[in-house]
Amino acid sequence: MKNKKWLSAIGDADEKYVAESDPAAPARRKVSWQKNTVIAAGFLLILTLLNVYLFAPIRQKAPDVSRYADSEYYGIIQKMNAYYYKPSPYKNNFERLWMKLGNMFGGAKAEDGMNNASGSDLSGSYEEITDNQTAGVTEGDRIKRSDRYIYYLDGEMLCVYTIAGEDSEQIARFDFSTVRELTNFSRYLEKWEMYLSADCKTVTVMAPYYSSTEREAKVAVLSLDVTDPYAIYVKNKTFVDGSYISSRLLSDGELLLMTHYQANELNYSDASTFVPQIGTGGQEAPLLAEDIVYPDILTGTYYTVLSKFDAAAHEYTDSMAFLSYSAEVYVSAEHIFTMRTYSDKTGDGNRITAKSMTDISVIAYRGDDFSYLGSLSVNGSVKDRYSLDEYEGVLRVVTTTSERTYEERAGEELVDDVVSSLISFDFIPTSANLYLFRLSDRTKIGEVIAFAPPGESVQSVRFDKNAAYVCTSLVLSDPVFFFDLSDPSAITYKDTGTIDGYSSSLVLIGNGFLLGIGYGSSFSSLKCEIYKESETGVVSVDKYEIDNCTFSEYYKSYYIDRENALFGIGVIEHGNRGRSDGYLVLHFDGYELREVDFLKVFGAEHLKRGCYVDGYFYAFGENSFAVHKIFD
Amino acid sequence: MEDAKIVDLYFERDESAIVRTDEKYGAYCQSIAYAILSAEDEAEECKNDTYLRAWNAMPPERPSLLKAFLGKITRHLALDRYERNRAKKRDTAATVIWDEVCDSIPDVTSEPADGLALKEAVNTFLSSLKARERIVFLQRYFYFLPLATISRRNGMTEGALKVLLYRLRRKFKQHLEEKEIAL
């Protein structure tokens, strides 16, 4: 039975409506109702009650929650109450039943309302190899290194390798399945990532898992003492609630970015069922209402929760939550930007046009506490955190605009779940916009509207000081745009014109060159292309392509070494070159982008990692490691 | 005829809308139903039922992508019919896919999630996938295409495709568990 539900979910169907699609079901109800009506007609009392039932106005207000007025969460309770309440399109039960009967005779399925409207000597010194989005804000990854050792998360093993060229070897491993608290649960190994402390004595692993006993997603924050790689041990372990989005390493602890979902059984008398629980070791407590930001109209009842966490002390130092916000979060040097996308509806009679909009909230995080500064709105939706950038007090944002048009009739329900399930797919990309906002007062100071060809959507974005680089596409063709943002009131841009494929990631590689990594002429080809700005537009300098392969689109899995102009990417070739699984290494000499090595390592493309040290390239995969000398 | 004009015919309650729909998307709808049912006569019936559903749905609904709109209706109808056939021990090509998803049922013991939450979870999952992943995932589990067809169309070996689909099913399961969505 669950197989059917799984497969129905892929089609966005509601299981109960599928059951109701049995043609016999409504017919039986009709006969039963008529029969009951005939019997009721014989009894005056019953007829009176029936009349009251049929013609009494249907309550058109959400349930009264005023009894919770003393609660500090009263504002949230009101919003959730409004979110879950679906007004009836009918004046009374007579009208509702009449419409149902009409639909039955018309052959359509009757539905129950319009419910779809809506450094030490041993350890060495730290070397940064993660290409962090913001300089100085360290991101976790599956690979970290000192000048002596490379640490790689391979499944549920922390593996330690020496950096010794061809004599490199794995010298130690730590098995996380031995951590008692994780033994019996689903461990989301692909989401695990880690940090190496500046003194290279501690590895902190963020280990998301699902606790089937507590019936919720959690994260184990595990601090390992790696001072002696031959004797690694867990020195701290903390278990926090929530679904892991990401994290950052701060000077005084970790910044945790999580999603919290409300409990299945909502009880407004018990804040723990609808407000994120913050705390550790059984000391969890609902977040204070003053630390929760919520919009006027909810689009979901999940929270994006920001927390400062001191893993060494096992404690939260501050938290803040954003109700109805998405899992995309951008962290600049000074601020955190959380986002929520919703639709803005405008109508002309019954014809409704819904446009995608995004609210961006700004939070200062460098002090002791989070400080909410306010929000701003832009047209369109934001693809990912790389679509935002803060530079010299100005926030730059690139969005894909999209809209949907449909007819809306008061008093008539949508015909069935199949129809209503299409709603979320119906937003059609129209173009792309670029906005500049002064952060001090969140005033818009510049914009470029509809710069992309009609119907294209944003695939990748990068910013570099006063420049922005954007790739848009319509299926498998893309222009790449170069913007000059030095004068916000007079932004200029150039583009490549339409070329084959599109870049799912853009990488700034210095000297005015931009590397695009993405698809070539088909979805089974990898294309890496170097672009440069010319006087008249943006030109391709060189490109490297492999057909019949799959590759990682996960940015952190790329090795980006601007100093040595080396780039690595996990691939699996399906052709006849006999290479199959591996990590591809490319080098750009200013004129030509060429392959310098293909190291055979195994596993999923996005889990492979690589790094270059002193003439040697090291690659890591599932239970596999390779090192080749690539430069003298 | 352009999709917008066909939709206008539905709104004008012009029965030629069904003829035009059949001319343009009949084969598409039938292929979806056939992939699930493996029986020409039943696929034909599903196709005709799809038109009836579309007639009743428009108005009020004005689909922006008429083809996808019809395809979803057909799939639902065919899946319902497949389940009834399965109860009568009548296996088809879809049986393999039916059994394939056994390893992807979320290990969540709460009450089954409501449709809105499930729809949202499916959409957020699909939006998180890479384009190629999404294509092969939906070709397999929406369109019920055979592995050989998907691998050929996407330039992959069947072995690589099986591994990719396994990872995607596991990821979908994880996604549902994180959102505490039970089936």
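In this convention, every chain numbers its residues from 1, walking through the sequence in written order. The lettering of chains begins at A and the numbering of ligands begins at 1, in the order of writing. The model is predicted, so local features are restricted to residues of pLDDT at least 70 and side-chain atom pairs to those at 80 or more, both for listing and for counting; the totals for chains, interfaces and linings are taken over all residues. Side-chain calculation: all heavy atoms of the structure are included, whereas hydrogens and water are not.

Draft legend 1. Molecular detail of the overall build of chain B. By definition, any uninterrupted DSSP run of H or I lasting at least four residues is a helix, any uninterrupted run of E lasting at least two residues is a strand, and each is numbered from the N terminus. A count of helical and extended segments in chain B gives nine helices and zero strands. Tracing chain B from N to C terminus, the helices and strands come up as α-α-α-α-α-α-α-α-α. All radius of gyration figures rest on C-alpha atoms, and the globule criterion is 2.2 Å times the number of residues raised to 0.38. Relative to its length of 183 residues, chain B is compact, with a C-alpha radius of gyration of 18 Å against a globular reference of 16 Å. Viewed in the frame of its principal axes, chain B has a C-alpha envelope of about 50 × 35 × 30 Å. In chain B, which comprises 183 residues, the proportion classed as buried is 58%. Every residue pair with non-hydrogen atoms within 4.5 Å of one another is taken to be in contact. If you take every contact in chain B between residues at least 6 apart in sequence, the share linking residues at least 24 apart comes to 67%. Carbon and sulfur atoms make up 51% of the accessible area of chain B, which amounts to about 7600 Å² in all. Asp and Glu are treated as the negative residues and Lys and Arg as the positive ones, with His and the ends of the chain left uncounted. In plain terms, the charge of a residue is placed at NZ if it is Lys, CZ if Arg, CG if Asp and CD if Glu. Distance between charge centroids for chain B: 5 Å, based on 30 positive and 30 negative side chains. Here the term buried applies to any residue with accessible area under 20% of the maximum for its type, exposed to any over 50%, and partly exposed to those in between, with areas from a 1.4 Å probe on protein chains only. Residue burial considers only the protein chains on display, and all accessible areas are found by Shrake-Rupley using a 1.4 Å probe.

Draft legend 2. Quick peek at the nonpolar core. Buried Ala, Val, Leu, Ile, Met, Phe, Trp, Tyr and Cys residues form a nonpolar core when they are joined through side-chain atoms within 4.5 Å. In this structure, Trp6(A), Leu7(A), Phe137(B) and Tyr141(B) are the most contacted members of the largest nonpolar core, which totals 60 residues. Ranked by residues supplied to this core, first place goes to helix H2 (residues 16-37) of chain B with nine residues. Setting aside residues no more than four positions away along its own chain, Trp6(A) makes contact with Val101(B), Ser104(B), Ile105(B), Phe137(B), Tyr141(B), Arg169(B), Phe172(B) and Leu183(B). Core analysis: the next-biggest nonpolar cluster, separate from the first, contains 38 residues, Phe513(A), Leu515(A), Leu593(A) and Phe598(A) among them.

Draft legend 3. Summary view of the sheet that holds strand E2 (residues 138-139) of chain A. Residue and element names in this part refer to chain A. The six strands lie next to each other as E2-E12-E13-E17-E18-E16, forming an open sheet whose pairing is mixed. The two strands at the open ends of the sheet, each matched to only one other strand, are E2 and strand E16 (292-293). Sheet topology places E2 next to strand E12 (residues 243-250); two bridges connect them, and they run antiparallel. Residue pairing in the sheet places Thr 138 in a bridge with Leu 249 of E12. When DSSP finds at least two bridges between two strands, those strands are taken to pair.

Draft legend 4. Molecular detail of the packing of aromatic side chains. Two rings from Phe, Tyr or Trp (for Trp, the six-membered ring) form a pair when their centres are within 6.5 Å of each other. A pair whose planes differ by under 30 degrees is stacked, one over 60 is edge-to-face, and the rest are tilted. All told, the structure shown has 44 aromatic pairs over all chains when counted by the stated rule. With centroids separated by 6.1 Å and ring planes inclined at 85°, the aromatic side chains of Tyr73(A) and Phe274(A) adopt a geometry described as edge-to-face. With a centroid separation of 5.8 Å and an interplanar angle of 75°, the aromatic rings of Tyr555(A) and Tyr558(A) are classed as edge-to-face. For Tyr555(A), a relative accessible area of 7% puts it in the buried group. One aromatic cluster is present, built from ring pairs that chain together Trp6(A), Phe125(B), Phe137(B), Tyr141(B) and Phe172(B). Note on geometry: a ring has a charge over it if NZ (lysine) or CZ (arginine) is within 6 Å of the ring centre and within 35 degrees of the ring normal. We note Arg462(A) situated over the ring of Tyr555(A); from NZ or CZ to the ring centre the distance is 4.3 Å. A cation sits over an aromatic face here: Arg62(B) above Phe11(B), 4.3 Å from the ring centre.

Draft legend 5. Structural detail: helix H9 (residues 158-178) of chain B. Multiply 1.5 Å by the residue count of a helix minus one, and that product is the helix's expected span. Between its terminal C-alpha atoms H9(B) stretches 30 Å, which fits the 30 Å expected from 21 residues at 1.5 Å a residue. Two residues or fewer past H9(B), Glu180(B) is found with a positive phi of approximately 55°.

Draft legend 6. Layout of empty space enclosed by the protein. Residues and elements named next belong to chain A. Taken as a whole, the largest cavity encloses approximately 100 Å³ of empty space. Using only the protein atoms, space was sampled on a 1 Å grid; points where a 1.4 Å probe fits but cannot get out form cavities, open sets with protein on both sides within 12 Å along at least five of seven lines form pockets, and lining residues are those with an atom within 4 Å of a point. Lining the largest cavity are 13 residues, with Ile 129, Thr 130, Asp 141, Lys 556 and Tyr 558 positioned closest to its centre. Class assignment for the residues of the lining of the largest cavity results in six nonpolar, three polar and four charged. Grid points are joined across faces, edges and corners, and a volume is the space filled by probe spheres set on the points. Each residue gets one of three labels, nonpolar for Ala, Val, Leu, Ile, Met, Phe, Trp, Tyr, Cys and Pro, charged for Asp, Glu, Lys and Arg, and polar for the others, Gly among them.

Draft legend 7. Broad picture of a nonpolar patch on the surface. On the surface, a cluster of nonpolar side chains totalling about 320 Å² of accessible area is made up of Leu45(A), Ile46(A) and Leu49(A). Looking at the secondary structure, you find Leu45(A) in helix H4 (residues 44-55). What makes a patch is a set of residues exposed beyond 30% relative accessible area and free of salt bridges, joined within 9 Å when like-charged and within 5 Å when nonpolar (Val, Leu, Ile, Met, Phe, Trp, Tyr). The working definition used for a salt bridge is a side-chain nitrogen of Lys or Arg within 4 Å of a carboxyl oxygen of Asp or Glu.

Draft legend 8. Layout of unusual backbone geometry. For the bond from Met58(B) to Pro59(B), the omega torsion is -15°, close enough to zero to count as cis. If you trace the backbone, Pro59(B) turns up in the loop between helix H3 (40-57) and helix H4 (66-87). The phi dihedral of Ser324(A) is positive, around 75°, even though this residue is not glycine. In this fold, Ser324(A) is placed in the loop between strand E18 (315-323) and strand E19 (329-331). We note that Lys465(A) has phi near 50°; this positive angle belongs to a residue other than glycine.

Draft legend 9. Representation of the pairing of strand E8 (residues 193-196) of chain A in the model. Residue and element names in this part refer to chain A. Where burial is concerned, the two faces of E8 agree: the one with Glu 193 and Tyr 195 and the one with Met 194 and Leu 196 are both buried. The pairing of E8 with strand E9 (residues 202-211) spans four bridges and is antiparallel. Directly across from Glu 193, in E9, lies its bridge partner Met 206.

Draft legend 10. Geometry of the pattern of salt bridges. Residues and elements named next belong to chain A. Enumeration over the complete set of coordinates arrives at 33 salt bridges over all chains. Put simply, Arg 180 and Glu 181 hold a salt bridge, and the shortest N to O gap is 3.3 Å. Note on Glu 181: relative accessible area 21%, which makes it partly exposed. Sharing partners across several salt bridges, the network here consists of Glu 139, Glu 193, Arg 385 and Lys 556.

Draft legend 11. Summary view of the environment of Ser324(A). Taking the relative accessible area as the measure of exposure, Ser324(A) reaches 2% and is therefore buried. Contacts of Ser324(A), omitting those with residues within four sequence positions, involve Pro295(A), Leu298(A), Thr299(A), Gly300(A), Tyr302(A) and Arg340(A).

Draft legend 12. Region of interest: the sheet that holds strand E34 (residues 513-519) of chain A. Residue and element names in this part refer to chain A. Pairing is antiparallel in the open sheet, where four strands are placed in the order E33-E34-E35-E36. Either end of the sheet is taken by a strand with one partner, and the two such strands are strand E33 (502-510) and strand E36 (538-546). Strand-to-strand twist of the sheet, defined as the mean angle between neighbouring strand axes without regard to direction, takes the value 20°. Relative to E34, E33 runs antiparallel, the two sharing seven bridges. Across the sheet, the residue bridging to Ser 505 is Ile 517, located in E34. Note on geometry: axes are lines fitted to C-alpha atoms, helical ones only across the stretch in contact, with angles between N-to-C directions running from 0 to 180 degrees.

Draft legend 13. The arrangement of the state of the cysteines in detail. Criterion for a disulfide: a pair of cysteine sulfur atoms at a distance within 2.5 Å. Taken as a whole and judged by the stated rule, the model has zero disulfides over all chains. Lacking any disulfide linkage, Cys528(A) is separated from the closest cysteine sulfur, that of Cys549(A), by 9.0 Å. By relative accessible area, which is 1% here, Cys528(A) ends up buried. Free cysteine Cys46(B): the closest other cysteine sulfur is in Cys29(B), separated by 10 Å.

Draft legend 14. Structural detail: the packing of helix H7 (residues 131-141) of chain B against H9(B). Residue and element names in this part refer to chain B. Contact pair H7 / H9: the axes reach a minimum separation of 10 Å and the direction vectors enclose 90°. Here H9 runs roughly perpendicular to H7, going by the angle between their axes. Touching Arg 132, Glu 133, Val 136, Phe 137, Arg 140 and Tyr 141 of H7 are Leu 161, Leu 164, Leu 165, Leu 168, Arg 169, Lys 171 and Phe 172, all from H9. Working rule for angles: under 35 degrees goes down as roughly parallel, over 145 as roughly antiparallel, 65 to 115 as roughly perpendicular, anything else as oblique.

Draft legend 15. The arrangement of the side chain of Arg140(B) in detail. Residue and element names in this part refer to chain B. Its location among the elements puts Arg 140 in helix H7. Taking relative accessible area as the criterion, Arg 140 reaches 4% and is therefore assigned buried. If sequence neighbours within four positions are ignored, Arg 140 has contacts with Val 96, Ile 97, Glu 100, Leu 145, Pro 146, Leu 147, Ile 150 and Leu 165.

Draft legend 16. Focus on helix H1 (residues 2-10) of chain A. In terms of burial, H1(A) is a largely internal element, seven of the nine residues being buried. For H1(A), the full list of buried residues reads Asn3(A), Lys4(A), Trp6(A), Leu7(A), Ser8(A), Ala9(A) and Ile10(A).

Draft legend 17. Quick look at the packing of H1(A) against H4(B). The contact between H1(A) and H4(B) brings their axes to 10 Å, and the two run at 170°. Taken together, the axis directions place H1(A) and H4(B) in an arrangement best described as roughly antiparallel. Within the contact between the two elements, H1(A) uses Lys4(A), Leu7(A), Ser8(A) and Ile10(A) and H4(B) uses Arg75(B), Leu79(B), Asp80(B) and Glu83(B).

Draft legend 18. Structural detail: the environment of Ser31(B). All names here are of chain B. Considering the arrangement of structural elements, one finds Ser 31 in helix H2. Look at Ser 31 and you get partly exposed, because its relative accessible area is 41%. Each C-alpha atom of the pair Ser 31 and Glu 44 lies 9.5 Å from the other, and the pair is 13 residues apart in sequence.

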